[in-house]
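Structural overview for review
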Amino acid sequence: MPSTASSSRTRTTPTLRTVLGAVIALATVLTGLATAAPASAHSGLTGSTPAEGGVVASDLRQVDLTFTEAPLAGLDAGLRIEVRDQAGQDESTGDVTVAGTTMSKQVQLSAGPHTMLWRYVSPDGHPIDGQVAFTVQAAQTAVAGPTVTPTATPSREARGSSGTSVVTTPTPVADTAVGADGDGSSSALPWVFGGVAIVVVLGVVAVLASRRRSVPADD
């Protein structure tokens with residue numbers, strides 16, 4: 001009997017060790033997978049200027065793309081930004097610049113629909129491509145109203161001080177003759193009436209005198 005119990009314990013001990021080893025191995029694998037998951041996740045785009053479907057003014061001079069991680073150092077040649085108009089013309093200029101997690105490029109935009117094409121390289125060397133569609137609004141032209149220029153009226157002093165000579169022509173005044181119409185004729189009327197009256201009186205006296213001479217004297 002004792003030998004049988006000892007043999008049973010001997011057979012059971014390797015089985016427990018095997019189970020424990022398997023559990024430890026499985027825990028190690030799961031821990032490794034949990035640790036490797038964040039490292040294997042690729043970077044992604046978090047925002048852009050202009051935003052997808054946005055409308056911007058034509059005076060925008062730079063486009064920006066922001067990612068979860070900074071681009072891989074030393075691979076600047078693999079970073080690309082192109083901003084194409086509706087006809088496919090690239091309206092971006094210069095090189096792609098990197099500041100932290102943001103890639104940027106200078107642009108000179110025309111009005112209308114545009115597409116920003118980009119290529120980014122994550123820190124683990126994985127390239128990412130994408131695009132952002134937006135619209136550029138035409139600049140509004142201000143309508144100027146009619147310009148009214150006030151016309152200054154030169155003063156008398158200004159006209160006199162200018163180079164133009166001003167000649168004043170006196171208006172001739174006609175001399176009034178004595179006896180003509182006006183005050184002279186009014187003063188001569190009494191003399192005319194007086195002369196007529198004297199002539200009438202002298203005529204009456206002459207008639208009376210002639211009659212008196214023609215009457216014979218009484219005897």
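What counts, and where the lines are drawn
- Residues numbered from 1 in each chain as written.
- Predicted model: local features only at pLDDT ≥ 70, side-chain atom pairs only at ≥ 80, totals over all residues.
- Heavy atoms only, no water.
- Pairing = 2+ DSSP bridges.
- Helix = DSSP H or I, 4+ residues; strand = E, 2+ residues; numbered from the N terminus.
- Axes fitted to C-alpha atoms, helices over the stretch in contact; angles between N-to-C directions.
- Phe/Tyr/Trp six-rings, centres within 6.5 Å; stacked < 30°, edge-to-face > 60°.
- Buried < 20%, exposed > 50% of the residue type's maximum accessible area, 1.4 Å probe, protein only.

1. Re the sheet that holds strand 7 (residues 112-121)
- A sheet is described by the order of its strands in space; here 4 strands give the open sequence 2-8-7-4, paired in mixed fashion. Strand pairing shows two members of the sheet lacking a second neighbour, strand 2 (55-57) and strand 4 (80-84), which therefore form its edges. Averaged over all adjacent pairs, the angle separating strand axes in this sheet is 30°, with direction ignored.
- Examined bridge by bridge, strand 2 and strand 8 (residues 127-137) share 3 bridges and lie parallel to one another.

2. Quick word on the packing of aromatic side chains
- One pass over the full model with this rule turns up 2 aromatic pairs.
- Aromatic pair F67 and W118: ring centres 5.2 Å apart, planes at 70°, arrangement edge-to-face. Residue F67 is located in strand 3 (residues 62-67), and its partner W118 is located in strand 7; the two are separated by 51 residues in the primary sequence. Comparing F67 with W118, the two get one shared label, buried.
- Relative to Y120, the ring of F67 has its centre 4.0 Å away and its plane inclined at 10°; by these criteria the two rings are stacked. Taken together, the residues span a long stretch of sequence, with F67 in strand 3 and Y120 in strand 7 at a distance of 53 residues.
- By relative accessible area, F67 is classed as buried at 2%.
- By relative accessible area, Y120 is classed as buried at 0%.

3. Examining the pairing of strand 7
- As paired elements, strand 4 and strand 7 share 5 bridges and run antiparallel to each other. The residue of strand 7 that forms the bridge with V83 is M116.
- Summarising the sheet, strand 7 and strand 8 pair through 10 bridges and their orientation is antiparallel. Looking at the pairing, M116 lines up with V132 of strand 8.
- Hairpin connection from strand 7 to strand 8: 5 residues lie between these consecutive antiparallel strands, with G125 at a positive phi of about 90°.

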